[in-house]
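For reference, the chains in residue letters:
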Amino acid sequence: MTETRQSGKRRAVRALVRRLPLLGTLIGLGFAVWLVATNDLQAVATAFGRIGVAGFVGVTLVRALVLVVCGIAWARILDGLSPAPASACLILRFVREGINVLLPVASVGGEVLGARLLTFWGVAGSLAAASVLADLLFQVGTLALFAGLGAGLLTRIEGAEAAELADWTLRTLAVAALAVGAFFALQRTGIVRLVEDRLAALGRRFVREAEARPEPGQRIQGALDAVWAPGRRGRLAQSVALHALAWLLGATEVLIVLTCIGVDRVGLTDILVIEALSQAIKAAAFLVPSGLGVQEGGLVLVCGLFGIDAGTAIALSLARRVPDVVLGLPSLLVWQNLEARREGVRPAAPTCDRS
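All values reported here derive from a predicted model rather than from experimental measurement.

## Points about the pattern of salt bridges
Consideration 1: Taken as a whole and judged by the stated rule, the model has 13 salt bridges.
Consideration 2: Among the ionic pairs, Glu253 bridges to Arg63, the shortest N-O distance being 2.8 Å. Of this pair, Glu253 sits in helix α9 (residues 233-261) while Arg63 is found in helix α2 (residues 41-78), placing the two residues 190 residues apart along the sequence.
Consideration 3: Here Glu253 falls in the buried class, since its relative accessible area comes to 2%.
Consideration 4: Taking the shortest distance from any N to any O, the salt bridge between Asp324 and Arg63 comes out at 2.6 Å. In this pair, Asp324 sits in helix α12 (residues 310-340) while Arg63 sits in helix α2, placing the two residues 261 residues apart along the sequence.
Consideration 5: Given the relative accessible area of 6%, Asp324 is considered buried.
Consideration 6: Relative accessible area serves as the criterion here: at 11%, Arg63 is assigned to the buried category.
Consideration 7: In the salt-bridge network here, residues are joined through shared partners; they are Arg63, Glu253, Glu275, Glu296, Arg320, Arg321 and Asp324.

## Description of the side chain of Thr142
Consideration 1: One can find Thr142 in helix α5 (residues 125-154).
Consideration 2: Excluding anything up to four places from it in sequence, Thr142 contacts Val240, His243, Ala244 and Trp247.

## Here we look at the packing of α5 against α9
When two helices pack together, their arrangement is captured by the angle between the axes and the distance separating the axes.
Consideration 1: Here α5 crosses α9 at 50 degrees, and the two axes come no closer than 9 Å. Classified by the interaxial angle, the pair formed by α5 and α9 is oblique. The chirality of how α5 crosses α9 is right-handed. Facing α5, whose interface residues are Asp135, Phe138, Gln139, Thr142, Leu143 and Phe146, α9 presents Leu236, Ser239, Val240, His243, Ala244, Trp247 and Leu248.
Consideration 2: Counted by class, the contact of α5 with α9 contains eight nonpolar, four polar and one charged residues.

## Details of helix α3 (residues 86-102)
Consideration 1: With 17 residues, α3 extends 25 Å between its outermost C-alpha atoms, agreeing within 8% with the 24 Å of an ideal straight helix rising 1.5 Å per residue.
Consideration 2: Of the positions making up α3, those classed as buried are Ala88, Cys89, Leu92, Arg93, Val95, Arg96, Gly98, Ile99, Asn100 and Val101.

## What to know about helix α11 (residues 294-304)
Consideration 1: The buried count for α11 comes to eight of eleven residues, which makes it a mostly enclosed element.
Consideration 2: Of the positions making up α11, those classed as buried are Val294, Gln295, Glu296, Gly297, Gly298, Leu299, Val302 and Cys303.

## A word on the nonpolar core
Consideration 1: Among the nonpolar cores identified, the biggest contains 39 residues, and Leu154 and Ile274 are the most heavily contacted of them.
Consideration 2: Residue assignment for this core shows that the elements contributing at least two residues are α2, α5, α6 (160-188), α9, α10 (268-284), α11 and α12.
Consideration 3: The greatest single-element share of this core, amounting to seven residues, is contributed by α10.
Consideration 4: Beyond its immediate sequence surroundings of up to four residues, Ile274 is in contact with Val254, Leu299, Val302, Cys303, Phe306 and Ile308.

## Points about the side chain of Glu275
Consideration 1: Mapping Glu275 onto the fold places it in helix α10.
Consideration 2: The class of Glu275 is buried, set by a relative accessible area of 1%.
Consideration 3: A polar atom in the side chain of Glu275 sits 2.5 Å from the side chain of Arg320.
Consideration 4: With sequence-adjacent residues up to four places away left out, Glu275 is seen in contact with Phe146, Trp247, Gly250, Ala251, Val254 and Arg320.

## Considering the environment of Ser239
Consideration 1: Within the secondary structure, Ser239 sits in helix α9.
Consideration 2: Taking the C-alpha atoms as reference points, Ser239 and Ile72, 167 residues apart in sequence, are found 7.6 Å from one another.
Consideration 3: Those residues in contact with Ser239, other than ones at most four positions away along the chain, are Ala73, Arg76, Ile77 and Phe138.

## A look at the packing of α2 against α3
Consideration 1: In contact at an axis separation of 8 Å, α2 and α3 are set at 125 degrees when each is read in the N-to-C sense. By the angle between their axes, α2 is oblique relative to α3. Note that α2 runs across α3; the crossing there is right-handed. In this structure, α2 uses Ala64, Leu67, Val68, Cys70, Gly71, Ile72, Trp74, Ala75 and Leu78 to contact α3, whose residues at the interface are Ala86, Cys89, Leu90, Leu92, Arg93, Phe94, Arg96 and Glu97.
Consideration 2: Residues belonging to the contact of α2 with α3 are distributed by class as follows: 13 nonpolar, one polar and three charged.

## Concerning the packing of aromatic side chains
Consideration 1: This structure, assessed with the given rule, holds two aromatic pairs.
Consideration 2: Centre to centre, the rings of Phe48 and Phe56 are 5.1 Å apart; their planes meet at 45 degrees, and the pair counts as tilted.
Consideration 3: What makes Phe48 partly exposed here is its relative accessible area of 28%.
Consideration 4: By relative accessible area, which is 19% here, Phe56 ends up buried.
Consideration 5: Plain terms: the ring middles of Phe138 and Trp228 are 5.7 Å apart, the flat faces sit at 85 degrees to each other, and that makes the pair edge-to-face. In this pair, Phe138 is assigned in helix α5 and Trp228 in the loop between α8 (220-227) and α9, connecting sequence segments 90 residues apart.

How each quantity is defined
- Along each chain, numbering runs from 1 in the same order as the chain's sequence is written.
- For this predicted model, a pLDDT threshold of at least 70 governs which residues receive local features, and a threshold of 80 or more governs which side-chain atom pairs are given and counted, while totals over whole chains, interfaces and linings are taken from all residues.
- Values reported for side chains reflect all heavy atoms of the structure, with hydrogen atoms and water molecules removed beforehand.
- Take a side-chain nitrogen of Lys or Arg and a carboxyl oxygen of Asp or Glu: if they are within 4 Å of each other, that pair is a salt bridge.
- Working definition: helices are DSSP H or I runs of at least four residues, strands are E runs of at least two. Numbering for both runs from the N terminus.
- Burial classes: relative accessible area under 20% of the type maximum marks a residue as buried, over 50% as exposed, and values in between as partly exposed (1.4 Å probe, protein chains only).
- Here, residues are in contact when the closest pair of their heavy atoms is within 4.5 Å.
- Throughout, an axis means a line fitted to C-alpha atoms (over the contacting stretch in the case of helices), and angles, computed between N-to-C directions, take values from 0 to 180 degrees.
- Throughout this description, any angle smaller than 35 degrees is read as roughly parallel, any larger than 145 degrees as roughly antiparallel, any in the 65 to 115 degree range as roughly perpendicular, and the remainder as oblique.
- By convention, the crossing between two helices is left-handed when the near helix turns anticlockwise from the far helix through less than a right angle, and right-handed when the turn is clockwise.
- Any residue outside Ala, Val, Leu, Ile, Met, Phe, Trp, Tyr, Cys, Pro, Asp, Glu, Lys and Arg is labelled polar, Gly included; the first ten of those are nonpolar and the last four are charged.
- By this rule the span expected of a helix is its residue count minus one, scaled by 1.5 Å.
- Working definition of a nonpolar core: buried Ala, Val, Leu, Ile, Met, Phe, Trp, Tyr and Cys residues. They are joined through side-chain atoms within 4.5 Å.
- Two N or O atoms count as a polar contact when they lie within 3.5 Å, although within protein this holds only if one can serve as hydrogen donor and the other as acceptor, and sequence-adjacent residues are included solely when both atoms are side-chain atoms.
- Planes of paired rings set the category: under 30 degrees apart is stacked, over 60 is edge-to-face and the rest tilted, where pairs are Phe, Tyr or Trp rings (Trp by its six-membered ring) whose centres lie within 6.5 Å.

Take a look at the structure:
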């Protein structure tokens with residue numbers, strides 16, 4: 001009876017975990033609708049209409065450039081370790097983003113599927129997973145630095161709200177620093193070996209069947225050791241720099257939209273603060289798919305510090321969702337095409353360092 005009860009509890013927990021992204025989607029969507037409905041709809045529509053086709057094209061091109069930079073950063077991690085060309089990482093970086101922003105999955109769902117799809121280019125499942133783990137570490141770590149820059153700039157702004165937000169951000173970053181450090185330590189030590197067998201059943205769902213029972217040299221910890229090898233520090237440093245550049249480029253989207261709307265009272269420093277803190281707020285709610293509602297609320301909060309009204313802030317958020325659709329839908333089609341062509345993939349190659 002006790003075992004039956006425990007089994008029932010485990011099934012209930014698993015069911016809840018599976019439904020968390022959908023629950024987050026509903027909550028976020030409800031919050032977004034409430035946020036729009038409780039503000040001046042005419043002001044939102046007017047600001048959104050001022051952006052124009054040129055503004056939407058500009059924002060979409062900047063987002064595409066950001067994803068290309070992130071794809072190159074991922075490719076640098078794999079350089080010398082896999083047979084996959086850099087173009088594979090570029091394609092799959094768009095697919096990862098499309099899955100994260102358009103499907104009801106947590107903001108790491110695209111990374112899981114991205115690792116799986118990378119095996120279609122003959123990359124061992126263990127190395128694909130290791131490369132995504134390292135890529136996520138660099139992405140989160142550089143976001144933390146970017147948010148720290150934003151918080152530092154925010155402390156120069158007078159007002160209790162600015163001081164309170166800066167204090168909250170810095171305290172949150174202190175916790176994030178511990179999490180990033182633990183994430184790095186997890187990859188650099190042998191702890192992964194202790195949990196890998198326990199997670200093997202789950203992992204087999206996201207790698208090729210040939211990877212179902214990996215040899216010792218193909219385990220994720222072994223692949224992580226290859227990624228972090230001392231001779232690869234130059235490639236890893238390049239990946240970090242590219243991710244940092246990508247976050248800075250993202251501020252260009254804010255600049256384009258606000259310029260098109262006609263907001264000319266904010267400077268470059270203000271734009272950096274808006275981008276850094278809104279991205280940090282969105283990342284903190286990673287369980288909410290695409291940051292629905294969170295992105296809008298974060299922009300309303302941060303933009304308000306610079307005298308930008310809520311209608312303009314919501315229009316800015318809506319404009320930044322245009323590239324999600326314009327780039328995301330084709331990416332999902334690419335994903336389905338890759339799945340359809342799965343039979344023609346190459347066998348996985350062994351992990352090696354060609355440096």
